[in-house]
Amino acid sequence: MKKGIAASRGYAIGHVIIKEDVDITITDAKVENVESEKNRLDKALEISKNQIEKVKEKALKNMGEDKAAVFESHIMLLEDPEFIGAIEMEITNNNTNAEKAVKDISDSFLAIFESMEDEYMRERAADVKDVSNRILLNLLGKMSGIEITENNTILVAHDLTPSDTAQLDKEKVIAFLTNIGGRTSHSAIMARTLEIPAIVGMNDITSSVKNGDLLIVDGIEGNVIVNPDDETIKLYERKVEEYKEEVEGLKRLIEVKTCTKSGKRIDVAGNIGKSEDVHKVIENGADGIGLFRTEFLYMDRDNLPTEEEQFESYKYVLEKMEGKPVVIRTLDIGGDKKLSYLPLPEEMNPFLGYRAIRLCLDRIDIFKVQLRALLRASVFGNLKVMFPMIASLDEFLKAKAVVDECKAELKSEGKEYSEEIEWGIMVEIPAAAVCADELAKYVDFFSIGTNDLIQYTLAADRMSEKVSYLYNPMHPAVLSLIKMTIDGAHNHGKWCGMCGEMAGDETAIPTLVSYGLDEFSMSASSILRAKQIIINQD
Ligand code: PEP
Ligand code: MG
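Model, not experiment: these values are computed from the prediction.

Let's hear about the packing of helix α3 (residues 81-94) against helix α4 (residues 98-114): which residues, and what values?
In the contact formed by α3 and α4, the axes pass within 9 Å of each other and the chain directions differ by 135°. By the angle between their axes, α3 is oblique relative to α4. As α3 runs across α4, the sense of the crossing is right-handed. The residues of α4 that touch α3, namely those facing Glu82, Phe83, Ala86, Ile87, Glu90 and Ile91, are Ala98, Ala101, Val102, Ile105, Ser106 and Phe109.

Pulling in residues and values, what's your account of the pattern of salt bridges?
A side chain with one charge can pair with a side chain of the opposite charge if their charged atoms come near. Counting across every chain of the model gives 42 salt bridges. Put simply, Glu295 and Lys337 hold a salt bridge, and the shortest N to O gap is 2.8 Å. Placement of the pair is Glu295 in the loop between β10 (289-293) and α11 (307-320) and Lys337 in the loop between β11 (325-329) and α12 (356-362), with a sequence separation of 42 residues. Residue classification places Glu295 among the buried positions, given a relative accessible area of 0%. With a relative accessible area of 1%, Lys337 lands in the buried category.

If you had to explain the coordination of the magnesium ion (ligand 2) to someone new, which residues and values would you point to?
At the metal site, the magnesium ion (ligand 2) is ligated by Glu428 (OE) and Asp452 (OD), and these contacts range over 2.0 to 2.1 Å. Here Glu428, found in the loop between β13 (422-427) and α15 (430-434), pairs with Asp452, found in helix α17 (residues 450-458); they are 24 residues apart in sequence, far enough to count as distant. Judged by its relative accessible area of 2%, Glu428 falls in the buried class.

Explain the site of ligand 1 to me, and be specific about the residues and the numbers.
Taken together, 16 residues are adjacent to ligand 1, and Arg293, Arg329, Gly449, Asn451 and Arg462 come closest. A distance of 3.2 Å separates an oxygen atom of ligand 1 from a polar atom in the side chain of Lys337. Between ligand 1 and Glu428, the relevant distance is 2.9 Å, taken from an oxygen atom to a side-chain nitrogen or oxygen of the residue. Taking 290 Å² as the accessible area of ligand 1 by itself, protein coverage stands at 100%. Using a 2 Å cut-off from the grid points, one finds that ligand 1 occupies the largest cavity. Those elements giving two or more residues to the shell around ligand 1 turn out to be β10 and α17. The greatest single-element share of the shell around ligand 1, amounting to three residues, is contributed by α17. Among the residues making up the shell around ligand 1, the classes are represented as three nonpolar, five polar and eight charged.

Explain α3 to me, and be specific about the residues and the numbers.
Compared with an ideal rise of 1.5 Å per residue, which puts 14 residues at 20 Å, α3 spans 19 Å between its outermost C-alpha atoms and is within 8% of the ideal. Asn95 occupies a position one or two residues after α3 and carries a positive phi of about 50°.

Describe the pairing of strand β16 (residues 519-522), and please don't skip the residues or the numbers.
Each regular strand displays side chains that alternate between the two surfaces of the sheet. Here β16 shows no split at all, with Glu519 and Ser521 on one side and Phe520 and Met522 on the other all buried. Bridge analysis of strand β9 (residues 267-272) against β16 gives four bridges, and the strand direction is parallel. Each bridged residue has a counterpart across the sheet, and for Gly270 the counterpart in β16 is Met522. Here two bridges tie strand β15 (residues 495-498) to β16, and the two strands are oriented parallel to one another. Each bridged residue has a counterpart across the sheet, and for Met498 the counterpart in β16 is Phe520. Taking the sense of rotation as the criterion, the β-α-β connection linking β15, helix α19 (residues 509-515) and β16 turns out right-handed.

Pulling in residues and values, what's your account of the sheet that holds strand β5 (residues 173-178)?
Pairing within the open sheet is mixed, and its eight strands lie in the order β1-β8-β7-β3-β4-β5-β6-β2. Each end of this open sheet is capped by a strand with a single partner; those strands are β1 (2-3) and β2 (5-8). Here strand β3 (residues 11-19) runs beside strand β7 (residues 214-218); their pairing, made up of five bridges, is antiparallel. Note that in β7 the partner of Ile13 across the bridge is Ile216.

Describe empty space enclosed by the protein, with residues and values.
Overall, the coordinates contain two cavities of 30 Å³ or more when judged by the stated rule. In this structure, the largest cavity spans a volume of roughly 80 Å³. In terms of lining residues, the largest cavity is bounded by 15 residues, among which Arg293, Arg329, Glu428, Asn451 and Asp452 are the most central. Contributions of two or more residues to the lining of the largest cavity are made by β10 and α17. When its volume is computed, the second largest cavity comes out at roughly 60 Å³. Taken together, Ile189, Met190, Thr193, Asn271, Ile272, Gly273, Asp277, Arg293, Phe296 and Ser523 form the lining of the second largest cavity. Of the residues that constitute the lining of the second largest cavity, the class distribution is four nonpolar, four polar and two charged. Of the residues that make up the lining of the second largest cavity, three or more belong to each of domain 1 (2-21 + 145-236) and domain 3 (252-535).

I'd like to hear about the packing of aromatic side chains, residue by residue, with values.
Summed over the entire model, instances satisfying the criterion amount to nine aromatic pairs. These aromatic residues form a ring-pair network of at least three members: Phe367, Phe387, Phe396 and Trp423. Over the aromatic face of Tyr515 sits the side chain of Lys483, whose NZ or CZ is 6.0 Å from the ring centroid.

About the criteria used
Residues numbered from 1 in each chain as written. Chains lettered and ligands numbered in written order. Predicted model: local features only at pLDDT ≥ 70, side-chain atom pairs only at ≥ 80, totals over all residues. Heavy atoms only, no water. Axes fitted to C-alpha atoms, helices over the stretch in contact; angles between N-to-C directions. Helix = DSSP H or I, 4+ residues; strand = E, 2+ residues; numbered from the N terminus. Parallel < 35°, antiparallel > 145°, perpendicular 65-115°, else oblique. Left-handed = near helix turned anticlockwise from the far one by under 90°. Contact = heavy atoms within 4.5 Å. Salt bridge = Lys/Arg side-chain N within 4 Å of Asp/Glu carboxyl O. Buried < 20%, exposed > 50% of the residue type's maximum accessible area, 1.4 Å probe, protein only. Donors = N, O, S within 2.8 Å, 3.2 Å for Na, K, Ca; no water. Near = heavy atom within 4 Å. Polar contact = N/O pair within 3.5 Å; in protein donor to acceptor, adjacent residues only side chain to side chain. Areas by Shrake-Rupley, 256 points an atom, 1.4 Å probe, with all protein chains shown as cover. 1 Å grid on protein atoms, 1.4 Å probe; cavity = no way out; pocket = protein on both sides within 12 Å on 5 of 7 lines; lining within 4 Å. Sits in = over half its atoms within 2 Å of the grid points. Nonpolar A, V, L, I, M, F, W, Y, C, P; charged D, E, K, R; others polar. Expected span 1.5 Å × (residues − 1). Pairing = 2+ DSSP bridges. Right-handed = clockwise from strand over helix to strand, strands pointing away. Points joined across faces, edges and corners; volume = space filled by probe spheres on them. Domains from an automatic or database assignment. Phe/Tyr/Trp six-rings, centres within 6.5 Å; stacked < 30°, edge-to-face > 60°. Lys NZ or Arg CZ within 6 Å of the ring centre and 35° of its normal.

Following this line, the structure appears as C-alpha cells:
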C-alpha cells in the first residue's frame, strides 16, 4: 500500500495512465535515407490527425461547436500543402531529420503569423505551435498532454498544473495521484471541485506503478493499493457503494438554512473557479458564492480575456445565484498559477513575489479591464468584490482608487453599475490579520484565505509534501490570527468569512463557529457535510 496526502474525498477503482513530463528536445542529425524519414513524418501526421479528431469530438460534446472549430483548423493545417510541403522539401533538399525539419519550418511559419497586423491571423500562430508540438511528440513517440480516451482512468503524474486539472474529463478520469503537492495546492482544490478522489504528495507514485496497473484509490485515508486481490476489490466496491449512500443521505440538507443550536445563522457558500462551476454549488444548497477564483478565466488560452468575455462570465454567475451573495476575487495570478502568454519574472520565491494585487497594481491596464467588467456585471445580482494578498491598507486604498477611475469612465460612457457592491479583502498574509482591527474601518468585509495564511504564518510551503507536517490549520498561531481577524471585523460592524480550505475541514469547523465566523466558503462537494457539522454546534 502506498500513502500520500488525501486531497479529495471518495474511492475509485481503475487503471493507471501515467502522464509523462514531455520533453521536446530535438537533435540536429542529418539523415541518409530521405524516403524513410518522410515515411516517419507521414506516420506522425496520421497519428496526429487521429488524435485531433478525438479531441475535436470531446470538445464538441463538452464545449460546443465554436470551441471544436479550432480543432478543425488544426486538421486543416496538418493537411496544408504549403506547410507540410515545406517540411518535406527541407528533408529532401537538406537531408534534415524530420524533427528538425518540423521545428524549423513551423518556426518560420510562426514568425510570419506573429508579425501580422491582423489579430485573427496573429492568433493562428498558437495553432501552428500546437500542431507542430503534436507532430514532434508523435515523432519522438511521446504522449501529449492528458488526452485520456479510456474510461475508468486513474491519472498518475509527477504534478498537475491547475490548467491540466481544469481540462480533465471527469467521464474518463475517475481519480488522480501526484508525486508532489499538498492539500491546498490548486490541483487538489480543482479535484474537489470536480468531485473526483485525489491523493497528492505521494513522492514516487510515477515510478512505483506502470501503465495499466489496477489501483484502488482511497481519497479519504490517502491510501493507494496497487494490483489488489479479489477480496480487497470486493471490500472497496462495498465502500464505493456506502460512500455513494452517505453522499445521497446528506442531500436532505440541501434546502436547510444553517443555524447553530443557539440560533446563530451561518452562511455556507461555495468556491468556484469557472462560471459553470456555479451549478454544482447550487445543487449542493449553498447560500452564495464565497470565492470566485477569476484567474481560471485567464488560463487555457493564448491572450487576456476581454472586458466583454469577463462581463459575460460574471453576469452568468450573478444571474444564476438569483440575488444570493457572490464574492468575486480579482485576478490572483502568480505563485503556482501562471499564464503562458504573460511571462512573469523568474523569482526565487514566487509565493512571496510578484502576484495577485501586487501585479494588478503594477499592471493597471489589466486590472481595469477586470474591474470594468465586474462593475458592469454588478447590476445583475448581489456582487461583492475582494482583493487578494492585501498586506497593507495602502494597497486596498490604491485598488479602490482604480475602482473609482473605472466608475468615472463607465459613467461618462453612459454604462450602468450598482452602488451597492461591497468591497473587501482576503486576509491571507499574517500582517493583514494582525492589522485587522485597523483595516476593518475601511473595508466592507474580510474573507480569510487560510491556504496562504497558514503557509506564511508557519513558513511552510503549501505545495511541499516534505513540510506538510508543519502545515497545520490548528496551530495556535494560525488560530490566534483567525480570531484576531474575526474580532477585528466585528469590532467595526463588518462581517468575516473564510474561503480557504480550512473552512471545509470537519475538524476545524467547531472551533471556527465558536470564534464567531459568519460565513464558510468551500468546494461544492464539502458544503453538505459542513452544514451537518454546523447545525450540531452550540
Ligand atoms: C487562500 O489562500 O486561502 C485562498 C482561498 O486563495 P488561493 O487558494 O486561491 O490562494
Ligand atoms: Mg490565496
